[in-house]
Amino acid sequence: MSAAALALDVGGSHVTAGLVDLDTRQVRRTARRSVHHSAPADTLLDAWAQAALEACAGDGQDTVQIGVAVPGPFDARSGRSQMRHKFPGLYDVALRPLLAARLRGQVGSQGTVPEIVFGNDADLFALGEWWSAGADPRARLIGLTLGTGLGSGFVAGGRVVTSGADVPPGGELWNMPAGDPQVGPGILEDHACGRTLERLGEEALGERLPAVVLAQRAEDGDRLARAAFRQFGHGLGTLLRPWAERFGADTVVLGGSVSWAFGLFGPEVARALPGCQVRQSRAFELAPLLGAAALAHAARSGQDG
């Protein structure tokens, strides 16, 4: 059997684990546990470990790397959460040894748990989309997760880029000034998430609807609802264009819950980003798992090299 990586994607209300085949770059098996971020540290870590062990049941000794996708702020090097708005029980706790202790003897060989690496969930969404799409070393990809907020990741040469003149600080677009008179004031997240669609829908229809309901209206042919999605796509593309040009992006991938309506707004994003391939996520919720596996595999390869 080919080598595998164990990957976890930690969310605010659940954790998903997946066993990822490193040769085929596909997720063999997944497991999920519901656990709220406000739970105590032991409860959270127990849920992470339970999901991980279920995902790799019977194949645990085959696991050669472990990667974990986490929201930020998070110190990936030390494995310590720096979040105060979420996961209060994990603040500044060294998570690597605690998780390893729960997996020891069941994951890895000879009683040794593989090294555990951490990465930002939006970064790993982007990395997972790049890795699962063929891992072209020449590609320069921006991944966006559009949901209750805006997440972003920049990938060049197979590595996540979080610093330098080509990307925003930390690779995070959400809090960058919008600064475009055609779109409006505020920060990028104000114009690139589900709440944005609700606002545009209310302006067009006179009633505030959840984004999913607005999308159904648009799919059913409602002219005003369709116009709201086109306006959303135009604004997103307009605000993203300076960063895509600065980074030299050739691919922009849109994920998150809003991306399920890609057909309604994606063409407008593409029109605003000439020279970029703009596409819907292919892996969706599996992308952070694939990215976590790719990150762990790269870390192991670097050690071996």
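Remember, predicted model here, so these are calculated numbers, not experimental data.

**Student:** Please clarify how the nonpolar core should be interpreted in this entry.
**Tutor:** Inside soluble globular proteins, nonpolar side chains tend to come together where they are buried. Core analysis: the largest hydrophobic core is formed by 42 residues, its most contacted members being Leu-144, Leu-146, Leu-173, Phe-229, Leu-236, Leu-254 and Phe-265. The set of elements that each furnish at least two residues to this core consists of β8 (140-146), β9 (150-156), α4 (194-205), α5 (211-219), α6 (223-247), β11 (251-255) and α7 (262-272). The biggest single contributor to this core is α6, with 10 residues. Here Phe-229 is in contact with Leu-197, Ala-211, Leu-214, Ala-215, Ala-218, Ala-261, Leu-264 and Phe-265, once residues within four sequence places are set aside. Grouped together as the second largest cluster of nonpolar side chains are 35 residues, Ala-39, Ala-47, Ala-49 and Ile-116 included.

**Student:** I tried to follow the packing of aromatic side chains on my own but got confused; where do I start?
**Tutor:** By convention here, two paired aromatic rings are described through the distance between centres and the angle between planes. Throughout the structure, instances matching the rule amount to 5 aromatic pairs. Relative to Phe-247, the ring of Phe-154 has its centre 5.1 Å away and its plane inclined at 80°; by these criteria the two rings are edge-to-face. On the criterion of sequence distance, the pair formed by Phe-154 in strand β9 and Phe-247 in helix α6 is long-range, its members being 93 residues apart. Accessibility assignment for this pair places Phe-154 and Phe-247 in one class, buried. Each residue in the set Phe-232, Phe-262 and Phe-265 is aromatic and connected to the rest through ring pairs, giving one cluster. The ring of Phe-247 has Arg-140 sitting right over it, with the charged end atom 4.4 Å from the ring centre. Sitting over the ring of Trp-243, Arg-246 keeps its end group 4.4 Å from the ring centre.

**Student:** Would you mind showing me how to read the packing of α4 against α5 here?
**Tutor:** Packed helices, taken two at a time, are described by the angle between their axes plus the distance between the axes. Direction vectors running N to C along α4 and α5 enclose 55°, while the axes themselves pass 9 Å from each other. With respect to α5, the element α4 is oriented oblique. The two elements α4 and α5 meet at a crossing, and its hand is left-handed. Side by side, α4 and α5 meet where Gly-194, Leu-197, Glu-198, Gly-201 and Leu-205 of the first sit next to Ala-211, Leu-214 and Arg-217 of the second. Here the contact of α4 with α5 is built from residues that sort into 4 nonpolar, 2 polar and 2 charged.

**Student:** Just checking my understanding: could you explain the sheet that holds strand β3 (residues 26-34) for this structure?
**Tutor:** The strands that make up a sheet are held in pairs by hydrogen bonds between backbone atoms, and each pair lies either parallel or antiparallel. Spatial strand order, β3-β2-β1-β4-β7: 5 strands in an open sheet with mixed pairing. Of all the strands in the sheet, the pair left with one neighbour each is β3 and β7 (116-120). Direction aside, neighbouring strands of the sheet carry axes that sit 20° apart on average. Looking at chain direction, strand β1 (residues 4-10) and strand β4 (residues 63-70) are connected through 6 bridges and run parallel. From the neighbouring strand, Ala-5 faces β4, where its bridge partner is Gln-65. Its contacts with the sheet place helix α2 (residues 95-103) against β1, β4 and β7, and it is angled at close to 125° to β7. Across the sheet, helix α3 (residues 121-132) is in contact with β1, β2 (14-21), β4 and β7; its angle to β7 comes to roughly 100°.

**Student:** Whenever I open this one, the sheet that holds strand β12 (residues 277-280) confuses me. Can you help?
**Tutor:** In spatial order, the strands read β10-β9-β8-β11-β12; together these 5 strands make up an open sheet with mixed pairing. Of all strands in the sheet, those with a lone pairing partner are β10 (159-160) and β12, marking the two edges. Together, β8, β9 and β11 form the strand contacts of α6, whose direction differs from that of β8 by roughly 150°. Docked against the sheet, α7 engages β8, β11 and β12, running at close to 165° with respect to β12.

**Student:** Explain empty space enclosed by the protein to me, please; I cannot follow it from the model alone.
**Tutor:** Gaps left between atoms are located by rolling a probe of water-molecule size over the structure's atoms. For the coordinates displayed, the defined rule picks out 2 cavities of 30 Å³ or more. Looking at the largest cavity, its volume works out to about 40 Å³. Looking at the largest cavity, the residues that line it are Val-10, Trp-48, Val-70, Pro-71, Phe-74, Ser-81, Met-83, Phe-87, Leu-90 and Leu-95. The residue inventory of the lining of the largest cavity, partitioned by class, reads 9 nonpolar, 1 polar and no charged.

Conventions we followed
Residues numbered from 1 in each chain as written. Predicted model: local features only at pLDDT ≥ 70, side-chain atom pairs only at ≥ 80, totals over all residues. Heavy atoms only, no water. Core = buried A, V, L, I, M, F, W, Y, C linked by side-chain atoms within 4.5 Å. Buried < 20%, exposed > 50% of the residue type's maximum accessible area, 1.4 Å probe, protein only. Helix = DSSP H or I, 4+ residues; strand = E, 2+ residues; numbered from the N terminus. Contact = heavy atoms within 4.5 Å. Phe/Tyr/Trp six-rings, centres within 6.5 Å; stacked < 30°, edge-to-face > 60°. Lys NZ or Arg CZ within 6 Å of the ring centre and 35° of its normal. Axes fitted to C-alpha atoms, helices over the stretch in contact; angles between N-to-C directions. Parallel < 35°, antiparallel > 145°, perpendicular 65-115°, else oblique. Left-handed = near helix turned anticlockwise from the far one by under 90°. Nonpolar A, V, L, I, M, F, W, Y, C, P; charged D, E, K, R; others polar. Pairing = 2+ DSSP bridges. 1 Å grid on protein atoms, 1.4 Å probe; cavity = no way out; pocket = protein on both sides within 12 Å on 5 of 7 lines; lining within 4 Å. Points joined across faces, edges and corners; volume = space filled by probe spheres on them.

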